[in-house]
Amino acid sequence: MTNPLYDTLFGAHAGKTTPFLYLPDGSMLTHDAFLQMAARIAHVLTVAGLQPGDRLAAQVVKSPQALALYAACTQAGLVFLPLNTAYTMDELTYFIENSGARMVVCDGQGAEGLQPVADANGAQLLTLNADGSGSLMDQTAGQPDTYPTVARSRDDLAAFLYTSGTTGRSKGAMLTQENLLSNAQTLAEYWRFDADDVLLNALPIFHTHGLFVATNVTLVAGGAMIFLPKFDLDVIIDKLPVATAMMGVPTFYTRLLGDDRFGAVLVRGMRVFISGSAPLLAETHVQFEARTGHRILERYGMTETNMNTSNPYVGERRAGTVGFPLPGVELKITDPKTGADLPQGDIGVMEVRGPNVFKGYWQMPEKTAEELRQDGFFITGDLGRIDVDGYVHIVGRNKDLIISGGYNIYPKEVEEVLDDQPGVLESAVIGVPDADFGEVVLGVLVAEKEATLNTDAILAAVQAKLARFKHPRRLIVVDALPRNTMGKVQKNVLRERYD
Ligand code: MCA
Ligand code: AMP
């Protein structure tokens, strides 16, 4: 194979007039029409002078064209860097600078703001709007609808995904062709995907879940997707009867359960519902089965590793667990302090090794060394245990992380912005339970002596800096933060207090 990822996901479907994308307006795009669109985009990128290995940063609304941009990057040997559409200019500036992207593709509305950032970094800028218009697609006019696929090896980089950390700035997780391909093939087989599947995909395609799990698995199997720009309950209810599979974060499933129209009749044609990115409450699992007769299949993954474990397709899908390590993936539980292996049943840090584990963080060798051991085990920072039957249970986190509606928020990043505001002495950011998002962000502030804090002004300042999903839903001013004898802020005490 000249380009394993492209050849398997995309090239294998050349010439097929089978459905690939069912779109909200009722239209359908075949595999072949999609590949032709991708080839034309690949020509535009090549004409622009991009070379294999160059990074292309894309902050675009989910659309067939946006997905074809991913296919085009794969075919042209470029490293695809998708970015959350909620990111602010501050956040984007960092990602573009840090990645050394040579091309930025963004919505027309954001172009004016991003052009100077692109210029300052020597990157070109093209636009792609939600409706598929913009300078990128304008330039595809007249381009050939086939493209000579650029040769790549399994070890070459295919994508960068930025992930925040408990300290410092976001890190670019470098994912190889092998990481993405091996995982997609394993999952397609494990979850029994085939060419007859129609996957309801309402997830964003700028993160692992919607792109490297939902989309890649469908592509490996040669199936189709109902490709929705976002989770809209009415649209999902309308489309469920023609789908065979769905993937979502727990919020998708709790929202469905909150609607009386949702029940067994609607999902008669469904084969499997898969959940991940955040803990699915055992209660949701039980309610879902009672309502539909389906047991949700929960799996566990990370940006750095793609998917690590999954409940079985055949066999018991155990509520409150994330199932077994996937074929080819090793998972062990270690002592958080010493790194030593712990006996079966003990709680410790989960470490994983396999072809799915990333290559390291872009230009951050120290951070890579802290989390990726020499022997190939990646320290996930999730706390878990393995029960007597081999099921993995995630029991908590050894990292300060909030997961809200499937999006990760590192408190440190929000605290840094809060601490910078006038009159703020210090802050602590925690996640508090929320019926819809699982957790939402809460900020606790301490004022400097004699200062009176204007929480509205502080929230407005946060807005300019951070994506909406990271904003505290509430700010509380206290006299002092609870600390232990070592002086460390006791976030557990705050969580109990504001539960
Ligand atoms: C939207 N808002 C949020 C979130 N989403 N706030 C906190 N957390 C969120 N996740 C904001 C909106 O901007 C809006 O702000 C307000 O909350 C209400 O929005 P709403 O209309 O209810 O939200 P929505 O547009 O319906 O979106 C909710 C959603 C969406 C459908 C749950 O967030 C979503 O698709 N999440 C999936 C994320 C995902 O794919 N994660 C996978 C990462 P305002 O007040 O201004 O109106 S990959 C991963 O984690 C690993 C690898 C894995 O294992 O998969
Ligand atoms: P990210 O770094 O955005 O890819 O998020 C990865 C994190 O999401 C993991 O380290 C876990 O903490 C969490 N996660 C993913 N899937 C699950 C799951 N099924 N149950 C609990 N947590 C999960």
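That block above? That's the structure.
Residues numbered from 1 in each chain as written. Chains lettered and ligands numbered in written order. Predicted model: local features only at pLDDT ≥ 70, side-chain atom pairs only at ≥ 80, totals over all residues. Heavy atoms only, no water.

A few words on the pattern of salt bridges. Counted under the stated rule, the structure contains 25 salt bridges. In this structure, K332 engages D341 in a salt bridge whose closest nitrogen and oxygen atoms are separated by 3.3 Å. One salt bridge in this structure joins K491 and E415, with 2.5 Å as the shortest N-O distance. Taken together, the residues K491 in helix α15 (residues 491-497) and E415 in helix α13 (residues 411-419) connect sequence positions 76 residues apart. On the accessibility criterion, K491 (12% relative accessible area) is buried. One salt-bridge network, in which partners are shared between bridges, spans E316, R318, D387 and D389. (Salt bridge = Lys/Arg side-chain N within 4 Å of Asp/Glu carboxyl O. Helix = DSSP H or I, 4+ residues; strand = E, 2+ residues; numbered from the N terminus. Buried < 20%, exposed > 50% of the residue type's maximum accessible area, 1.4 Å probe, protein only.)

Around ligand 1, 25 residues are found, and the nearest of them are R255, S277, R299, R468 and R473. Interatomic distance of 2.8 Å between a side-chain N/O atom of R255 and an oxygen atom of ligand 1. Contacts to ligand 1 include R468, whose side-chain N or O atom sits 2.6 Å from an oxygen atom. Burial of ligand 1 by the protein chains amounts to 74% of its free accessible area of 1,000 Å². When contributions to the shell around ligand 1 are tallied by element, the ones reaching two or more residues are α8 (208-221), α10 (250-257) and β13 (297-302). Its residues assigned to classes, the shell around ligand 1 comprises ten nonpolar, ten polar and five charged. (Near = heavy atom within 4 Å. Polar contact = N/O pair within 3.5 Å; in protein donor to acceptor, adjacent residues only side chain to side chain. Areas by Shrake-Rupley, 256 points an atom, 1.4 Å probe, with all protein chains shown as cover. Nonpolar A, V, L, I, M, F, W, Y, C, P; charged D, E, K, R; others polar.)

Quick look at the site of ligand 2 now. Lining the immediate environment of ligand 2, one finds 16 residues, of which R299, T303, D382, K399 and N408 sit closest. Within the backbone of R299, a nitrogen or oxygen atom sits 2.7 Å from a nitrogen atom of ligand 2. Here ligand 2, which alone exposes 500 Å², has 91% of that area covered by the protein. Taken together, the elements giving at least two residues each to the shell around ligand 2 come down to β13 and β20 (392-397). The biggest single contributor to the shell around ligand 2 is β13, with five residues.

Bringing the packing of helix α2 (residues 31-47) against helix α3 (residues 64-76) into the picture now. Packing of α2 against α3 leaves a shortest axis separation of 8 Å and a crossing angle of 60°. Regarding the angle of α2 to α3, the classification is oblique. Considering how the two elements wind past one another, α2 and α3 form a crossing that is right-handed. In this structure, α2 uses F34, M37, A38, A39, I41, A42 and L45 to contact α3, whose residues at the interface are P64, Q65, L67, A68, L69, A71, A72, C73, Q75 and A76. Taken together, the residues of the contact of α2 with α3 break down into 15 nonpolar, two polar and no charged. (Axes fitted to C-alpha atoms, helices over the stretch in contact; angles between N-to-C directions. Parallel < 35°, antiparallel > 145°, perpendicular 65-115°, else oblique. Left-handed = near helix turned anticlockwise from the far one by under 90°. Contact = heavy atoms within 4.5 Å.)

Spatially, the four strands line up as an open sheet ordered β16-β17-β19-β20, and their pairing is antiparallel. The sheet terminates laterally at β16 (330-334) and β20, the two strands that pair on one side only. The average undirected angle you get between the axes of adjacent strands in this sheet is 50°. In this sheet, strand β19 (residues 378-386) lies alongside strand β17 (residues 348-353) in antiparallel orientation, the contact comprising four bridges. In the strand pairing of β19, G348 is matched with G384. (Pairing = 2+ DSSP bridges.)

Volume-wise, the second largest pocket comes out at about 250 Å³. R397, L401, G431, E439 and R495 are the residues nearest the centre of the second largest pocket, which is lined by 15 residues in total. Elements that contribute at least two residues to the lining of the second largest pocket include exactly β23 (424-434) and β24 (438-447). The element that contributes the greatest number of residues to the lining of the second largest pocket is β23, accounting for five residues. (1 Å grid on protein atoms, 1.4 Å probe; cavity = no way out; pocket = protein on both sides within 12 Å on 5 of 7 lines; lining within 4 Å. Points joined across faces, edges and corners; volume = space filled by probe spheres on them.)

Turning our eyes to something else, we now look at empty space enclosed by the protein. Scanning the entire structure with this criterion turns up four cavities of 30 Å³ or more. Taken as a whole, the largest cavity encloses approximately 70 Å³ of empty space. Taken together, the elements giving at least two residues each to the lining of the largest cavity come down to α3 and β4 (79-82). The greatest single-element share of the lining of the largest cavity, amounting to three residues, is contributed by α3. Here the lining of the largest cavity is composed, by residue class, of ten nonpolar, no polar and no charged.

The subject of this paragraph is the nonpolar core. Of all hydrophobic cores here, the largest spans 151 residues; its most connected members are L45 and L240. For L240, the contacting residues outside a window of four places in its chain are L200, M246, L256, F262, L266, V267, M270 and F273. L442, V444, V446 and Y498 belong to the second largest nonpolar core, which has twelve residues in total. (Core = buried A, V, L, I, M, F, W, Y, C linked by side-chain atoms within 4.5 Å.)

Once that is clear, we can look at the sheet that holds strand β9 (residues 198-201). Taken in spatial order, the nine strands make up an open sheet running β2-β1-β10-β9-β11-β12-β13-β14-β15, and their pairing is mixed. Both edges of this open sheet fall to β2 (28-30) and β15 (324-325), since each of them pairs with a single strand only. Both β9 and strand β10 (residues 224-227) contribute to a ladder of four bridges, which runs parallel. Bridge pairing in β10 links L200 to I226. The strands touched by helix α7 (residues 177-190) are β14 (306-310) and β15; relative to β14, the strand with the most contacts, the crossing angle is about 30°.

This part takes up the pairing of β17. Most of β17 is tucked away: five of the six residues are buried. One ladder, built from five bridges, connects β16 with β17; its direction is antiparallel. Within β17, the residue paired with K332 across the bridge is E351.

What follows concerns the side chain of S63. With respect to the element layout, S63 can be found in the loop between β3 (55-59) and α3. Taking the relative accessible area as the measure of exposure, S63 reaches 3% and is therefore buried. Among all residues touching S63, those that are not within four sequence positions of it are A130 and F227.

Let us look at the environment of D138. Tracing the backbone through its elements, the reader meets D138 in helix α6 (residues 135-138). Among the residues examined, D138 registers a relative accessible area of 58% and is labelled exposed. Sequence separation of D138 and L128 is ten residues, and the distance between their C-alpha atoms is 9.4 Å.

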